[in-house]
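Descriptive structure summary
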Amino acid sequence: MILVFGSINIDLVARVVSIPRPGETVLSPRYETLFGGKGANQAVAAARVSLPHRAAIVACIGDDAFGQSARDNLARNGVVDNLVTSVAEPTGCAFITVDERGENAITVGSGANASIREAAAQSFQVDAATVAVFQMEVPFLASLNVARYVRAAGGRVIWNFAPALPAFAARDLSDLLGATDIFVVNEHEAIAAATLLGCKTDDFRKAGSHLSGSGCLCVVTAGAQGAFAFHPEGQSERAEAEPIRPVDTTGAGDTFVGVLANGLDEAMPFTSALKRAVRAASLACLAHGAQADMPTRERLG
Ligand code: RIB
């Protein structure tokens, strides 16, 4: 079973010609209110390609209209949501601008996401069949303790280092890698993480290879170039992306992570799971919004 420990947001999305620079204001004709949050996106991506009741989320929402609609959305998508807790803070909110090329800039108001505690995961039946998924939008120490708990029970941990936090400590990164089986980063996050560990490079391949030296498998997602996996034993492999014209790349990385988790949950060979996750991430870029075009099991094949 897949357990996502993470964030739930409502995304307020404005489409612009170009993303504003500091001090600049740009106008957009309208904005949309969509479902998001890296944790929720990963859980929805996993649930859409999984058999029923195989993907659950542990998360916090506010006792407000955004929280209720986010919970309803999880249920509609088949995510097991009985460990989603309402707290006194408002539901997390992401302020997103998307430009004409489909690139985005995101500011997250954490709200309820900051209230998640490791104890919330203890009601989940963790065992050797658990594939747990973490990101960086909820308190790190709570995530780390749950990851260690999952590994102690023989389960596997996928950790998506997104967003890479500027003030993250090297010691924390070492702890994170020590509790992780598969570390997933984009090119920039790979370089930031490797730099934190003392490997100064602007080449994401070198960064990925260096990160895998810590003992976990490092996967670098690289947009149109697909994904590169660096195994701790030294070998590497690449899965190519579909040739698409992206409409909106928001949530592509989350789709990759959720579908990769499903591949592990269904005991697919890693190379097949990697290719399938890359294909899903490509398909997810064909519509506006993080979750709109995440593929179903039938569509992905
Ligand atoms: O990865 C995309 C997500 O990042 C958005 O849905 C937004 O909520 C932010 O968390």
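Heads up: these notes are all about the structure in this document. Note that this is a predicted model, so its numbers are computed, not measured.

1. Observations concerning helix 8 (residues 270-283)
- With 14 residues, helix 8 should cover 20 Å at 1.5 Å per step; its first-to-last C-alpha distance of 20 Å lies within 8% of that length.
- Buried residues dominate helix 8, accounting for 10 of its 14 residues.

2. Quick notes on the packing of aromatic side chains
- In total, this model carries 7 aromatic pairs according to the counting rule given.
- Judged by centre distance (5.3 Å) and plane angle (65°), the ring pair of Phe-204 and Phe-228 falls under edge-to-face. Here Phe-204, found in helix 6 (residues 204-212), pairs with Phe-228, found in strand 12 (residues 227-230); they are 24 residues apart in sequence, far enough to count as distant. The exposure classification of Phe-204 matches that of Phe-228, with both residues buried.
- Each member of the aromatic cluster is reached from another via a ring pair, and the members are Phe-5, Phe-134, Phe-140, Trp-159, Phe-161, Phe-168 and Phe-183.

3. A closer look at the pattern of salt bridges
- Inspection of every chain in the model, using the stated rule, returns 11 salt bridges.
- Among the salt bridges present, the one from Arg-101 reaches Asp-99, with a minimum N-O distance of 3.2 Å.
- The exposure class assigned to Arg-101 is exposed, which follows from its relative accessible area of 62%.
- Residues joined in a network through salt bridges with shared partners are Arg-15, Glu-32 and Asp-248.

4. Looking at the pairing of strand 4 (residues 55-62)
- With 8 of 8 residues buried, strand 4 is to be regarded as a mostly interior element.
- Side chains of strand 4 alternate between two faces, with Ala-55, Ile-57, Ala-59 and Ile-61 and Ala-56, Val-58, Cys-60 and Gly-62 buried alike.
- In this sheet, strand 4 lies alongside strand 1 (residues 2-5) in parallel orientation, the contact comprising 4 bridges. Pairing of Leu-3 across the sheet is with Ala-56, part of strand 4.

5. Some points on the layout of surface pockets
- Each pocket or cavity is described by its volume, and for the largest pocket that value is around 1,300 Å³.
- Together, 48 residues line the largest pocket, and Asn-104, Asn-186, Thr-249, Ala-252 and Gly-253 are the ones closest to its centre.
- Only strand 2 (9-15), helix 1 (38-49), strand 6 (92-98), strand 7 (104-109), strand 10 (182-186), helix 5 (187-196), helix 7 (252-265) and helix 8 provide two or more residues apiece to the lining of the largest pocket.

6. Comments concerning the sheet that holds strand 6
- Strands sit in the order 3-2-6-7 across an open sheet of 4 strands; the sheet is mixed. The open sheet has two edge strands with one neighbour each: strand 3 (31-36) and strand 7. The average undirected angle you get between the axes of adjacent strands in this sheet is 25°.
- As paired strands, strand 2 and strand 6 are joined by 7 bridges and run parallel to one another. Bridging across to strand 6, Ala-14 finds its partner in Thr-97.
- Of the strands in this sheet, strand 2, strand 3 and strand 6 are in contact with helix 2 (residues 65-76), which crosses strand 3 at around 55°.

7. Looking at the site of the ligand
- Around the ligand sit 14 residues in total, of which Asp-11, Gly-37, Lys-38, Glu-137 and Asp-254 are the nearest.
- Between Asn-9 and the ligand, the recorded distance is 3.0 Å, taken from a side-chain N or O atom to an oxygen atom.
- Taking Asn-41, its side chain carries an N or O atom lying 3.0 Å from an oxygen atom of the ligand.
- In the complex, 96% of the free accessible area of the ligand, which totals 280 Å², lies under the protein chains.

8. Regarding the nonpolar core
- Core analysis: the largest hydrophobic core is formed by 46 residues, its most contacted members being Ile-8, Ile-57, Ile-158, Ile-182, Val-219, Phe-256 and Leu-260.
- What Ile-57 contacts, discounting residues up to four positions off in sequence, is Val-4, Ser-7, Ile-8, Gly-39, Ala-40, Ala-43, Leu-74, Val-79, Val-80, Leu-83 and Val-84.
- Among the nonpolar cores identified, the runner-up in size contains 45 residues, and Ala-56, Ala-112, Val-146 and Ala-190 belong to it.

9. Some thoughts on unusual backbone geometry
- The linkage connecting Ala-162 with the following residue, Pro-163, adopts the cis geometry, with an omega of -5°.
- Along the chain, the position of Pro-163 falls in the loop between strand 9 (156-160) and helix 4 (170-178).
- The phi angle at His-53 is positive, at roughly 65°, despite the residue not being glycine.
- As for its position among the elements, His-53 is in the loop between helix 1 and strand 4.

Reading guide: rules and limits
Residues numbered from 1 in each chain as written. Predicted model: local features only at pLDDT ≥ 70, side-chain atom pairs only at ≥ 80, totals over all residues. Heavy atoms only, no water. Helix = DSSP H or I, 4+ residues; strand = E, 2+ residues; numbered from the N terminus. Expected span 1.5 Å × (residues − 1). Buried < 20%, exposed > 50% of the residue type's maximum accessible area, 1.4 Å probe, protein only. Phe/Tyr/Trp six-rings, centres within 6.5 Å; stacked < 30°, edge-to-face > 60°. Salt bridge = Lys/Arg side-chain N within 4 Å of Asp/Glu carboxyl O. Pairing = 2+ DSSP bridges. 1 Å grid on protein atoms, 1.4 Å probe; cavity = no way out; pocket = protein on both sides within 12 Å on 5 of 7 lines; lining within 4 Å. Points joined across faces, edges and corners; volume = space filled by probe spheres on them. Axes fitted to C-alpha atoms, helices over the stretch in contact; angles between N-to-C directions. Contact = heavy atoms within 4.5 Å. Near = heavy atom within 4 Å. Polar contact = N/O pair within 3.5 Å; in protein donor to acceptor, adjacent residues only side chain to side chain. Areas by Shrake-Rupley, 256 points an atom, 1.4 Å probe, with all protein chains shown as cover. Core = buried A, V, L, I, M, F, W, Y, C linked by side-chain atoms within 4.5 Å.

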